[in-house]
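One-letter residues, chain by chain:
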Amino acid sequence: MSQNSNITLSFVGIDGNESANAAYITWTPVRFRISRSDSTGKEKLILNQEPIKDSVPEFPEDIDLSKLGIPTVLFYTESTPKSTGKESYQITFLEGESHKDIFVGGKFQEGKLFNGASPEDFDIKIKALKEGAEISSVKTMIRVRKNANLLSKKAKRAYLHALSTINETDLEGRGIGIYSTDFFKMHVKGSKSIAHGTEVFLPWHRLYILDLERQLQNVDPAVSLHYWKFDEPAPNIFKADFLGESIIDRAENPIMTDGISTNFARFNKDNPLRHWAIDREKLIRRMSWFDNQKEQAGFNDYDPNTGESSFDAVQKEKDTYHNKEYLFKQSKDESGNVKTDPKSFTTLEGNPHGYTHVSNNGFINYVPTAPKDPIFFFLHSNVERMWGKWQTIHHLFDPSSETNYPNQEEDPAVPAWKNVNARLWPWNGKVTPNDYHYEAPGTRTNNFTTSTCFKNFEDNSPIIKDALDPFGVIDYGNYLGFEYDDTAAFSDQYYAKFEKNTERMMQNFKKSGLEIFQKEEDVESLLDVMEQLVNRNSGTERRLMKSNSESDGNSELRTALNTLTLNKIFSSDVPKLSARINNTLEKLLTVAEHKEETDAILIPLVYADNRDIIHQLELNFRALQKDITSEVSVRYYDSRTEKYETKVFSKYLVIYLLALYDYEFIQDEKIYELVMKNKTLFERIEDEDYLDLLIALLCFASNETIYRIYTELLKHNDFLHELKLKADSANEKTSNKLWALHTLFSNTLSNHKN
């Protein structure tokens, strides 16, 4: 702006106040103010724009840079859907007028990278011209949630910086940021039966990830919560410079072990996620069942009817949002009245959402651990994107429409917390309205992250209705301030480009029994099948997993166990049968023959708070303290033989499962004592049972304890150098574990130097 100019340009939030953060716009037009300090006389101005070329964005090598466009804004007279915008705009001030408000939104350029949105930060300058001379200007950015696989290097670094900032760690390496204290914990407990397996799933998660995104933008306003488009390959996400290299396991019929895996996402030294911690637990456990460098998300599936294996990919996006009834199916009752079936919604939650969760073993494949892995939010951002696109294609933004959300009226048959006007936990200042009665974690009670530009909620406590018109299509006051690179609800050209596909696209899971059940009787039928399998002779042919040398195995039992695991996560009817499920799992121990089999059965029993088994974990820990060569096992009563039997399981599970319960056994002094009493542990790491045990111990130890162990046992024998040599020569899976062990020490040593 020239020194003599009386013109200023500014962006205005939906509350009518000018805000610097309002300059981060989306496709939805936002208010733009042209002010003048001298309001005497008439004055004509022209608004136009030019690109800012401070630097050239650097993209991964596989990105087609010919599609990189020039981000452009459009000027609008009003902010209503399908308004026509212009790339330049004439302003005429009359005498006495001090300011004029118009609207500015990003230009949707189909076919360009991010459809014309800004790759990194401010890259557009809006100028006010008078008689051809620039007299004022302001910078802006078309900030949308983008396909994370296509991000520039700078955009990745900005996201990682913001994420690691809100998940800061203390000197002991423990996660103490709001990500750990609030966002991880609010998904772990209270949301288990509120926002999963119910029609509240989509609106709750839309607000949940918005809450987190606003926290990220408090660190860096140019950052958005990007998405993992999981129905196509996304190799650049699974890289050491971003969300981590992940081991790939293409073995047939893997057992889903409820969030626990001994393999880890691997990061570059300068990636802040290398120091990632949630509470006491360090590093990110993740192993892909799909080739994350070449394939879309999915996993190998086994059909017991044919004996054949095939890759079971997640459902394609178009098969989800092209069907208007995919989310909420409508039917007529006997009187001919149209009624929306809220249960139809859970189909989306199963596939593609649930399939994507279990396409990786580790944290991400189990509700109580999923947000420990930051890829969780990219996954849910994509689910949210599909809902937003579905709403846009079918013009379903009206909060009062049953087609948009089924529970519009109070109904004695529907819990009050599902009503469209219900205030949502954990922001409602109450305990959860389910059987768990959890209080809000951290600071979330009445503390939804506020915005200086976009919609805030009464008492910072949103209701379900607040999530149903996020782009302000029906009511501009509902605009939440986010959009996606391919979802532009205000653009004429956007509507025209999509084919209206009315064909039913609701695909079921393969006929392998691996499906999410919508009825309680279906879960009961599965348990009946499992009990029949238990009653068979448990000969050597029983296998829950295939090894490289074995192609046989009890495929029915394996499929049943995996199906049960999947339904424990995503079926709303499973909790009703928890007692019977746990009883069936205990019976399955009688036919388990290998540690991997026992592990897979033992983990859900511990999560179900089976006190007898937890007590046995305590006894096993005491045994390990005395001698790490002790065999760890669980004792159970076999009703067929009427005798007590034992089953061996992995040593590291003793540590991991007790640590998850924050038991006094797995605290720093106990960890230190166990290692010092068993000093040969470091000499035994070529045996992966001991390597896993050591990693589990150190993942829950403080930096001070790790440092004590290093200085007292390892500092003088060049341990880390030897460890690196072993990692370089080992096979991929073992090398990954050795990397994790090396990283736990190197991170601690780096912290001490600083």
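Data block above holds the structure.
Residues numbered from 1 in each chain as written. Predicted model: local features only at pLDDT ≥ 70, side-chain atom pairs only at ≥ 80, totals over all residues. Heavy atoms only, no water.

Enquirer: Mind laying out the pattern of salt bridges, listing which residues take part and the relevant values?
Expert: Taken as a whole and assessed by the stated rule, the structure comprises 37 salt bridges. Notably, a salt bridge pairs Arg 206 with Glu 384, separated by 2.6 Å at the nearest N-O pair. Of this pair, Arg 206 sits in helix α3 (residues 201-219) while Glu 384 is found in helix α6 (residues 375-393), placing the two residues 178 residues apart along the sequence. Side by side, Arg 206 and Glu 384 carry an identical accessibility label, which is buried. Arg 444 is the partner of Asp 211 in a salt bridge, and the nearest nitrogen-oxygen pair spans 2.7 Å. Placement of the pair is Asp 211 in helix α3 and Arg 444 in the loop between α6 and α7 (492-497), with a sequence separation of 233 residues. Arg 444 carries the same exposure label as Asp 211, and that label is buried. It is possible to trace a salt-bridge network through shared partners that takes in Lys 229, Asp 231, Glu 232, Glu 317, Arg 385, Lys 389 and Asp 486. (Salt bridge = Lys/Arg side-chain N within 4 Å of Asp/Glu carboxyl O. Helix = DSSP H or I, 4+ residues; strand = E, 2+ residues; numbered from the N terminus. Buried < 20%, exposed > 50% of the residue type's maximum accessible area, 1.4 Å probe, protein only.)

Enquirer: If you had to explain unusual backbone geometry to someone new, which residues and values would you point to?
Expert: At the junction of Asn 351 and Pro 352, the peptide bond is cis and its omega measures out at 20 degrees in the coordinates. Secondary-structure assignment places Pro 352 in helix α5 (residues 346-357). Each neighbour pair has its own omega, and for Trp 425 with Pro 426 the value is 10 degrees, a cis peptide bond. As for its placement among the helices and strands, Pro 426 is situated in the loop between α6 and α7.

Enquirer: With reference to specific residues and values, describe the packing of helix α12 (residues 611-626) against helix α13 (residues 651-660).
Expert: Put simply, α12 and α13 touch, their axes get as near as 9 Å, and they point 120 degrees apart. In terms of axis orientation, α12 runs oblique to α13. Once α12 is placed against α13, the crossing between them reads as left-handed. Across the interface between the two elements, Ile 614, Leu 617, Glu 618, Asn 620, Phe 621 and Leu 624 of α12 pack against Lys 651, Leu 653, Val 654, Ile 655, Leu 657 and Leu 658 of α13. Split into classes, the residues belonging to the contact of α12 with α13 amount to nine nonpolar, one polar and two charged. (Axes fitted to C-alpha atoms, helices over the stretch in contact; angles between N-to-C directions. Parallel < 35°, antiparallel > 145°, perpendicular 65-115°, else oblique. Left-handed = near helix turned anticlockwise from the far one by under 90°. Contact = heavy atoms within 4.5 Å. Nonpolar A, V, L, I, M, F, W, Y, C, P; charged D, E, K, R; others polar.)

Enquirer: An account of the packing of helix α11 (residues 595-607) against α12 is needed here, citing residue identities and associated values.
Expert: Two numbers describe how α11 lies on α12: the axes approach to 8 Å, and their chain directions differ by 110 degrees. Comparing the axis directions of α11 and α12 gives the class roughly perpendicular. Crossing hand, α11 versus α12: left-handed. Across the interface between the two elements, Leu 602, Leu 605 and Val 606 from α11 touch Ile 613, Ile 614 and Leu 617 from α12. Looking at side-chain class alone, the contact of α11 with α12 contains six nonpolar, no polar and no charged residues.

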